[in-house]
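Structural characterization, general
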Amino acid sequence: MIYLDASIVFSLYCADRNSVFAASLIAAARAPLILSSLCEFEAVNAFSLCVFREEIVEREALGARYKLDMNIESGAYLLRPLPESAFARAKSLAQRITPSTGVRAADLLHIAAALELGAKTIYTLDQKQHKAAQAAGLMVNELPKP
């Protein structure tokens with residue numbers, strides 16, 4: 001299984017410099033794609049933040065949310081609850097990985113969720129999360145060229 005981080009999900013539904021890259025990753029994926037409830041929440045909040053920042057209008061945010069919901073309902077993504085055990089795993093990873101990667105707590109929680117949900121791979125666009133996921137034993141996508 002491939003766990004999708006919110007950075008990938010955001011770029012799939014709101015046009016940005018990484019949208020084409022994210023779409024090509026998803027198109028080439030050869031394993032089930034999973035989202036945690038944390039990822040879904042973070043993506044929806046990111047859509048709304050774009051409205052607040054006046055980067056998109058409310059109608060575009062609602063459209064992004066609708067498309068995400070439709071892909072979940074159609075089975076394109078498997079939506080899974082954030083396992084309670086992910087918090088203990090994240091706490092352990094924080095002591096081991098954060099000192100050398102500087103990964104943020106929410107990004108580390110995504111890594112722990114991926115591991116707890118049985119994913120072998122995580123797709124992310126965040127450089128620190130990318131490095132931390134590798135340190136945690138997950139396979140990761142290539143990052144886009146700057």
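Now for a look at the structure at hand. Bear in mind the structure is a predicted one, so any value in this text is a computation, not a measurement.

Concerning the overall build of the protein chain
Check the secondary structure of the protein chain and you find seven helices and five strands. When the helices and strands of the protein chain are read in sequence order from the N terminus, they spell out β-α-α-β-α-α-β-α-α-β-α-β. Taking 15 Å as the expected radius of gyration for a compact globule of 146 residues, we find that the protein chain reaches 15 Å, a close match to that expectation. If you line up the protein chain on its principal axes, its C-alpha atoms span 40 × 30 × 30 Å. Relative to its full complement of 146 residues, the protein chain shows a buried share of 45%. Long-range contacts, defined here as pairs at least 24 residues apart, represent 66% of the contacts in the protein chain between residues at least 6 apart. A total accessible area of about 8000 Å² is found for the protein chain, and carbon and sulfur atoms account for 57% of it. Of the side-chain charges in the protein chain, 15 are positive and 15 negative, and the distance between the mean point of each set is 8 Å.

A few points about the side chain of Thr121
With respect to the element layout, Thr121 can be found in strand β4 (residues 121-123). In contact with Thr121, other than residues within four places in its own chain, are Met1, Ile2, Tyr3, Leu138, Met139 and Val140.

Description of the sheet that holds strand β5 (residues 139-140)
The five strands lie next to each other as β3-β2-β1-β4-β5, forming an open sheet whose pairing is parallel. Pairing within the sheet leaves two strands with one partner each, and these edge strands are β3 (78-80) and β5. For β4 and β5, the ladder comprises two bridges, and the chain directions are parallel. Pairing of Ile122 across the sheet is with Val140, part of β5. Packing against the sheet, helix α6 (residues 105-116) makes contact with β1 (2-4), β2 (33-36) and β4, and its axis sits at approximately 150 degrees to β1.

What to know about the nonpolar core
One broad rule of soluble globular proteins: the nonpolar side chains tend to lie buried together. With 48 residues, the main nonpolar core has Tyr3, Leu4, Phe47, Leu68 and Ile111 as its most contacted residues. Sorting elements by how many residues they give to this core places α6 first, with seven residues.

Here we look at the state of the cysteines
Enumeration over the complete set of coordinates arrives at zero disulfides. In this model Cys50 remains outside any disulfide bridge; the closest cysteine sulfur is found in Cys14, 5.1 Å from its own. According to the relative accessible area criterion, Cys50 is buried, its value standing at 5%.

Brief notes about the packing of helix α3 (residues 37-52) against α6
Taken N-terminus to C-terminus, the directions of α3 and α6 make an angle of 145 degrees; their axes are 10 Å apart at the nearest point. Where α3 approaches α6, its residues Leu38, Cys39 and Glu42 are matched on the opposing element by Ala106, Leu109 and His110. By residue class, the composition of the contact of α3 with α6 is four nonpolar, one polar and one charged.

Parameters and conventions
- Residues numbered from 1 in each chain as written.
- Predicted model: local features only at pLDDT ≥ 70, side-chain atom pairs only at ≥ 80, totals over all residues.
- Heavy atoms only, no water.
- Helix = DSSP H or I, 4+ residues; strand = E, 2+ residues; numbered from the N terminus.
- Rg over C-alpha atoms; globule rule 2.2 N^0.38 Å.
- Buried < 20%, exposed > 50% of the residue type's maximum accessible area, 1.4 Å probe, protein only.
- Contact = heavy atoms within 4.5 Å.
- Areas by Shrake-Rupley, 256 points an atom, 1.4 Å probe, with all protein chains shown as cover.
- Lys, Arg positive; Asp, Glu negative; His and termini not counted.
- Charge placed at Lys NZ, Arg CZ, Asp CG, Glu CD.
- Pairing = 2+ DSSP bridges.
- Axes fitted to C-alpha atoms, helices over the stretch in contact; angles between N-to-C directions.
- Core = buried A, V, L, I, M, F, W, Y, C linked by side-chain atoms within 4.5 Å.
- Disulfide = S-S within 2.5 Å.
- Nonpolar A, V, L, I, M, F, W, Y, C, P; charged D, E, K, R; others polar.

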